[in-house]
Amino acid sequence: MTMNEADWDARYTNTDRVWSNNPNHALEGELTNLTPGTALDVGCGEGADARWLADRGWKVTAVDISSAALARAKELNDHPSISWTHADPVQNPPEPSTFDLVSMHYFPLVRTPGDVAARAFVGAVAPGGTLFVVSHDMTEDHIRKHAQSHSGDPDFNPLDYYTSHEFAAFLDHNWKILVDRTQPRRIDPSSGGAAHINDTVLRAVRIA
Ligand SMILES: C[S@@+](CC[C@H](N)C(=O)[O-])C[C@H]1O[C@@H](n2cnc3c(N)ncnc32)[C@H](O)[C@@H]1O
């Protein structure tokens, strides 16, 4: 069973803060020198990444299914260049060729036949733009155990979710992959998700 809107709202309302409110390490590592434009932050959570992008000149559409997350994001990380958007982009995918950056950080996207949603996120990148996907390294032995205890769901299987690496398969000759690797994650012990040790990172540019 995957978490739905009510589950995510409960996760955010049951605690003062879920994440560290620091931007994700991989974001800082990879995108600091990228020329700003329009960005889609998919599953923005409490908004630290959106804020980091906005501070660097990006005009950010920060989307989340949880209104509780967005309320907190607005309170912690508001910025005139961020549009906080309550939506489910899996059910209502973004328009094609719309954003100079599509950034997905630990977005729980379940694998589906035809990969419709994953391909829609790829397609939302405009020519010249960047696709940036970061996921947990699901090959770590302890992940399944941790995820089960975390979600309380014995049927939870982390292997049901796309990793960043799998997005490479959706990129045709119009794309150039700049990064596709597993790397250690900066872990903030006070933050949700601190049990995850490694990130998988995909960064690709749409050349045409
Ligand atoms: C693991 S959290 C990551 C949050 C943030 N990107 C970060 O790195 O701190 C996943 C986020 O995706 C949101 N989410 C889950 N499913 C969603 C969906 N179908 N549409 C939009 N947001 C969704 C959740 O509410 C949650 O805030």
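The shown structure was predicted, so the numbers you read here are calculated from the model rather than taken from an experiment.

> How do you make sense of the nonpolar core when you look at a structure like this?
The nonpolar side chains of a soluble globular protein tend to be buried, and buried together. Core analysis: the largest hydrophobic core is formed by 24 residues, its most contacted members being Val102, Met104, Leu109, Leu131 and Phe167. At the level of secondary structure, the elements contributing two or more residues to this core comprise β1 (38-42), β4 (99-105), α5 (116-123), β5 (125-136) and β7 (198-206). In terms of residue count, α5 provides more of this core than any other element does, four residues in total. In this structure, Leu131 is in contact with Val102, Phe121, Val122, Val125, Phe167, Leu171, Trp175, Leu202, Arg203 and Ala204, ignoring residues within four places of it in sequence. Counting 22 residues, the second largest nonpolar core, distinct from the first, contains Leu31, Trp84, Leu101 and Val134.

> Looking at this model, I keep getting lost on the packing of aromatic side chains. Mind explaining?
Pairs of aromatic rings are described using the distance from one ring centre to the other and the angle between the two planes. The final tally for this structure, using the stated rule, is five aromatic pairs. Summarising the aromatic geometry, the rings of Phe107 and Phe121 are spaced 5.9 Å apart at their centres and angled 80° between planes, so their arrangement reads as edge-to-face. Of this pair, Phe107 sits in the loop between β4 and α5 while Phe121 sits in helix α5, and the two are 14 residues apart along the sequence. With respect to burial, Phe107 and Phe121 carry one shared label: buried. Each residue in the set Tyr162, Phe167 and Phe170 is aromatic and connected to the rest through ring pairs, giving one cluster. Taking NZ or CZ as reference, Arg111 lies 5.8 Å from the ring centre of Tyr162, over its face.

> Quick question: what am I supposed to make of the site of the ligand here?
Contacts to the ligand come from 18 residues, most closely from Tyr12, Asn24, Gly43, Asp64 and Asp88. Contact distances for the ligand include 2.7 Å between a nitrogen atom and a backbone N or O atom of Gly43. When isolated, the ligand has an accessible area of 600 Å², and the protein chains bury 91% of it. Partitioning the shell around the ligand into residue classes produces eleven nonpolar, five polar and two charged.

> Sorry, what's going on with the packing of helix α1 (residues 5-13) against helix α4 (residues 67-77) here?
Pairs of packed helices are described in terms of their axes, by the angle between the two and the distance that separates them. The geometry of α1 relative to α4 is characterised by a closest axis approach of 7 Å and an angle of 40° between their N-to-C directions. As judged from the angle between their axes, α1 and α4 are oblique. On α4, the residues touching Asp9, Tyr12 and Thr13 of α1 are Ser67, Ala68, Ala69 and Arg72. For the contact of α1 with α4, a count of residues per class yields three nonpolar, two polar and two charged.

Calculation notes
The residue numbering used here restarts from 1 in each chain and proceeds along that chain's sequence as written. Selection of residues for local features in this predicted model requires a pLDDT of at least 70, selection of side-chain atom pairs for listing and counting requires 80 or more, and totals for whole chains, interfaces and linings are taken over all residues. Note: side-chain values were computed over all heavy atoms of the structure, leaving out hydrogens and water. For this analysis, a nonpolar core means a set of buried residues of the types Ala, Val, Leu, Ile, Met, Phe, Trp, Tyr and Cys, connected via side-chain atoms within 4.5 Å. In this scheme, a residue with accessible area under 20% of its type's maximum is buried, one over 50% is exposed, and one in between is partly exposed, where area comes from a 1.4 Å probe on protein chains only. A helix here means a DSSP run of H or I that spans at least four residues, while a strand means a run of E at least two residues long, and both kinds are numbered starting from the N terminus. When checking whether two residues touch, look at their non-hydrogen atoms; a contact exists if any pair is within 4.5 Å. Working definition: a ring pair exists when centres of Phe, Tyr or Trp rings (six-membered ring for Trp) sit within 6.5 Å. Plane angles under 30 degrees give stacked, over 60 give edge-to-face, the rest tilted. Either the NZ atom of lysine or the CZ atom of arginine qualifies as a charge over a ring when it sits within 6 Å of the ring centre and within 35 degrees of the ring normal. If a single non-hydrogen atom of a residue is within 4 Å of a molecule or strand, that residue counts as near it. Whenever two N or O atoms come within 3.5 Å, that pair is a polar contact, provided that in protein one can donate a hydrogen and the other can accept it, and provided that, for residues adjacent in sequence, both atoms are side-chain atoms. Shrake-Rupley sampling with a 1.4 Å probe provides the accessible areas, and residues are treated as covered by the protein chains on show and by no other component. When residue character is reported, Ala, Val, Leu, Ile, Met, Phe, Trp, Tyr, Cys and Pro are called nonpolar, Asp, Glu, Lys and Arg charged, and the others, Gly included, polar. Fitted lines through C-alpha atoms give the axes, limited to the stretch in contact for helices. The angle between two N-to-C directions lies from 0 to 180 degrees. An angle below 35 degrees is read as roughly parallel, one above 145 as roughly antiparallel, one from 65 to 115 as roughly perpendicular, and any other as oblique.

By themselves, these observations are geometric and do not establish any function.
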